[in-house]
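Read off the chains here:
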Amino acid sequence: MANAGDGCDLAVRGGTIVIADGEFMADLGITGERIVQVGGEVRARRELDARGLLVLPGGIDAHVHLTLPQPPGDEPAWCDDLHSGTRAAAAGGITTVGNMTFPRGAETLREAIAREDADAERDAIVDVFCHPVLTDPTTQPLTDIAALAADGHMTLKFFMSFGGFLTQPEAYLEGMRLAADAGMLTLIHCEDGAMIAHATERLLAEGRGQIANYPRSRPIASEVSATARAVAFAELTGAPSYVVHLSSAGALAEVRRGRERGAKLWVETRPLYLHLTEERFAEPDGAKYVGQPPLRTAADVEALWRGLANGEIDTVCTDHAPWRLADKVVPGMDVATIRPGVADLDTMLPMLWSEGVGTGRISRQRFVAVISTNAAKLFGLFPRKGTIAPGADADLALWDPTLSKPVHAADLQTNSDYSPYEGWPVTGWPVATISRGEVVFADGAVTGARGRGQVLRRGATRAL
Ligand SMILES: [Zn+2]
C-alpha cells in the first residue's frame, strides 16, 4: 500500500512533458491508476527512464468501428474486434477509443449500448466509450436519449447518407433536440444520400463504375450540401454538433459560416484525407484506399492541414474500419459495391506526427490538442483524460520523435493485413504506452491484458 513514506508506485523520469498548452521537463509520479505528482523530486518503487523521449497524454480516438452492425455471417466483415482493435490502439499510443454502436435488428439504442459495453468490459485492453447510432427511429425510441445521457452516454450519432434519415429526417431533428436537452453532443456523417444514389446510378448506367471513378460517386457537392444542412439542423435545434470525418475545403467552409452565425460546431477529420489524394483510386488496387467520403484533391488536403493548424478542425480520429485485403480488393467490385473503411489505429499518431509536426505544419502542442485534449473536452472526459496533471488518469504515450521506420502492415497489431500507407517513411513513434498506470505496450509488444480496459461514463461537452 502506498503511503507518504513509500513515495509513488511508478516514476517516469527525465522526459519532456508535452500538453496542449505547453511543454516542460519534469518527472512524473504515478500511484495506482492516477498521476499524483508532476515535477519536483519524485520518489517511487519503480522507474521508467524517459530521457530523450516526449511524454504525451495518451491519444483519444473518438471514432472507431470495433463492433459489427450485424452479427457475423457469411459475408466478409470488419476484421477487428474490441480486443484486436484496442491492441492496435495501445501500440499506436492511443489509450481511449470511442466506438460506434449500431443497434442490431430491432434493438433499441439502450439495448445496443448495454450489449457493446459488455463486449468492451470483456475484450478491451484500453478504455472505451460507446456512441449510440440512431439508424431507425421507427424501432429505436427517441425516449432512450435522455436515459442514455443519465447513464453517461453523452453522444448521439447519425448518418445523413443512409437508413432512416432518407425517409424521415424530421425524426432526426427531434433526436437532435432531445440530445441537446439532455446535454449531449450530436455526431453527424455529412453526405447527401440522394446525390450519392443518383451519381452512382449514372456512373453504372454509363459503364463507368470502376473504382477509379469512386470520387464521382460521392462528389464533394454531396458532402458540402449535407454539411450545410447539418449546420442548419444544429441551428434550428440548438444541438451542439460534431461533424465526423470532414474531407473537403467546401464542407469546412460551411462549418465556418455556421460558426460565424453562432452555431456550436466542432470538426473531426481523418488521416486518409490528410495524407492521400483521389489519384490513388486509379491504381490497380485502388479499392484499398476507399472510405466514405472518398479521398479528395490536393487543394482539399492543404485546406485540412490549414484547418488543423488554425483551430478550425478540432480532432483527428481514425474512423478505423478494417478489412483484409482480399475482402477489400475484389475483382468486379464497383463504386456501388466497394467495401468502405481502412485500419488506422496503429498508424494515426505516428503519421500525423511525422507529416504534421515533422514538417512544421502543426506544433507539438497542437498535435496533443487534436489527438487527445480536444476529444477529452468534447466527449466529457476532461480533465480525467486528455492532459498530464495531478489527479488525471495516468494515460501516457512515451514518444521518440527521432525514431524512423516505415509503415509495414506486418508490424501492425490490427487484424487488417495491409496498410494504405505501406512503405511510407515515418519519423516519430510511441515506444511505450501507459493506460491508467499500467504499461500496456513497450518494446514493440502489447502487454495489456484483455478485459483490463474500462467502459467510461462521460460528462457534458466542454467548450474548447
Ligand atoms: Zn465511422
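Conventions adopted
- Residues numbered from 1 in each chain as written.
- Predicted model: local features only at pLDDT ≥ 70, side-chain atom pairs only at ≥ 80, totals over all residues.
- Heavy atoms only, no water.
- Helix = DSSP H or I, 4+ residues; strand = E, 2+ residues; numbered from the N terminus.
- Rg over C-alpha atoms; globule rule 2.2 N^0.38 Å.
- Buried < 20%, exposed > 50% of the residue type's maximum accessible area, 1.4 Å probe, protein only.
- Phe/Tyr/Trp six-rings, centres within 6.5 Å; stacked < 30°, edge-to-face > 60°.
- Lys NZ or Arg CZ within 6 Å of the ring centre and 35° of its normal.
- Pairing = 2+ DSSP bridges.
- Axes fitted to C-alpha atoms, helices over the stretch in contact; angles between N-to-C directions.
- Contact = heavy atoms within 4.5 Å.
- Salt bridge = Lys/Arg side-chain N within 4 Å of Asp/Glu carboxyl O.
- Core = buried A, V, L, I, M, F, W, Y, C linked by side-chain atoms within 4.5 Å.
- Donors = N, O, S within 2.8 Å, 3.2 Å for Na, K, Ca; no water.
- Left-handed = near helix turned anticlockwise from the far one by under 90°.
- Nonpolar A, V, L, I, M, F, W, Y, C, P; charged D, E, K, R; others polar.

### Section: the overall build of the protein chain
In step 1: Across its full length, the protein chain carries 13 helices and 19 strands.
In step 2: Radius of gyration (C-alpha) of the protein chain: 21 Å, near the 23 Å computed for a compact globule of 464 residues.
In step 3: The dimensions of the protein chain, computed from C-alpha atoms along their principal axes, are 75 × 50 × 45 Å.
In step 4: A buried classification covers 61% of the 464 residues belonging to the protein chain.

### Brief notes about the packing of aromatic side chains
In step 1: Enumeration over the complete set of coordinates arrives at 13 aromatic pairs.
In step 2: Plain terms: the ring middles of F165 and Y172 are 5.4 Å apart, the flat faces sit at 70° to each other, and that makes the pair edge-to-face. Like Y172, F165 is buried.
In step 3: On the basis of relative accessible area, F165 is assigned to the buried category, the value being 3%.
In step 4: In this structure an aromatic cluster arises from ring pairing among F158, F165, Y172 and F233.
In step 5: Its end group placed over the ring of W305, R361 keeps NZ or CZ at 4.2 Å from the ring centre.
In step 6: For K377, the ring lying beneath its charged end belongs to F382, and the centroid distance is 4.9 Å.

### Comments concerning unusual backbone geometry
In step 1: With omega at 0°, the peptide bond leading from Q292 into P293 counts as cis.
In step 2: Of note, the amide linkage connecting F382 to P383 takes the cis form, showing an omega dihedral of 5°.
In step 3: Within the secondary structure, P383 sits in the loop between α13 (364–378) and β16 (396–406).
In step 4: One non-glycine residue, D443, lies in positive phi territory at about 50°.
In step 5: Judged by relative accessible area, which is 79%, D443 ranks as exposed.

### Section: the sheet that holds strand β10 (residues 127–132)
In step 1: The parallel open sheet is built from 3 strands, whose spatial order is β8-β9-β10. The sheet terminates laterally at β8 (59–64) and β10, the two strands that pair on one side only. Here the strands of the sheet are splayed against their neighbours by 20° on average, with no regard to which way each runs.
In step 2: Looking at chain direction, strand β9 (residues 94–101) and β10 are connected through 6 bridges and run parallel. Paired with V97 across the bridge in β10 is V128.
In step 3: Where helix α1 (residues 82–91) meets the sheet, its contacts fall on β9 and β10, and the angle it forms with β9 comes to roughly 145°.
In step 4: Set on the sheet, helix α2 (residues 109–123) makes contact with β9 and β10; between it and β10 the angle comes to about 165°.

### Things to note about the pattern of salt bridges
In step 1: Under the criterion given, the structure shown has 36 salt bridges.
In step 2: A salt bridge links E254 to R257, with the shortest nitrogen-to-oxygen separation between them at 3.0 Å. Remark: R257 and E254 occur in helix α8 (residues 249–260); sequence separation between them is 3 residues, near one turn of the helix.
In step 3: Measuring nitrogen to oxygen at the nearest pair gives 2.9 Å for the salt bridge that ties R259 to D314. With R259 in helix α8 and D314 in the loop between α10 (298–310) and β15 (315–316), this pair connects stretches of sequence that are 55 residues apart.
In step 4: Linked through salt bridges whose partners overlap, the residues forming this network are E33, R34, D127, R384, K385, D393, D395 and R436.

### As for the sheet that holds strand β19 (residues 445–446)
In step 1: One open sheet accounts for 7 strands, arranged β3-β2-β7-β16-β17-β18-β19; its pairing is mixed. Looking at strand neighbours, the two that pair on one side only are β3 (22–25) and β19, the edges of this open sheet.
In step 2: α13 contacts β2 (16–19), β3, β7 (54–57) and β16 of the sheet and is inclined by roughly 35° relative to β7.

### A few points about the nonpolar core
Nonpolar side chains in soluble globular proteins tend to end up buried together.
In step 1: L308, L352 and F367 are the most contacted members of the largest nonpolar core, which has 97 residues in total.
In step 2: Here this core takes 6 residues from helix α12 (residues 348–357), the largest share from any one element.
In step 3: Setting aside chain neighbours within four positions, we find L308 in contact with L274, I313, V316, L352, I362, R366 and V370.
In step 4: Residues V133, F159, C317 and L381 belong to the second largest nonpolar core, which totals 19 residues.

### Structural notes on the coordination of the zinc ion
In step 1: Around the zinc ion, the protein contributes the donor atoms H63 (NE2), H65 (NE2) and D319 (OD), which lie 2.0 to 2.1 Å from the metal centre.
In step 2: The sequence pattern formed by the donor residues of the zinc ion is H-x1-H-x253-D. With H63 in strand β8 and D319 in the loop between β15 and α11 (325–328), this pair connects stretches of sequence that are 256 residues apart.
In step 3: For D319, a relative accessible area of 7% corresponds to the buried category.

### So, the packing of α12 against α13
In step 1: The geometry of α12 relative to α13 is characterised by a closest axis approach of 10 Å and an angle of 145° between their N-to-C directions. Crossing of α12 against α13: the hand is right-handed. Residues L349, L352, W353 and V357 of α12 pack against R364, F367, V370 and I371 of α13.
In step 2: In terms of residue class, the contact of α12 with α13 is built from 7 nonpolar, no polar and 1 charged.

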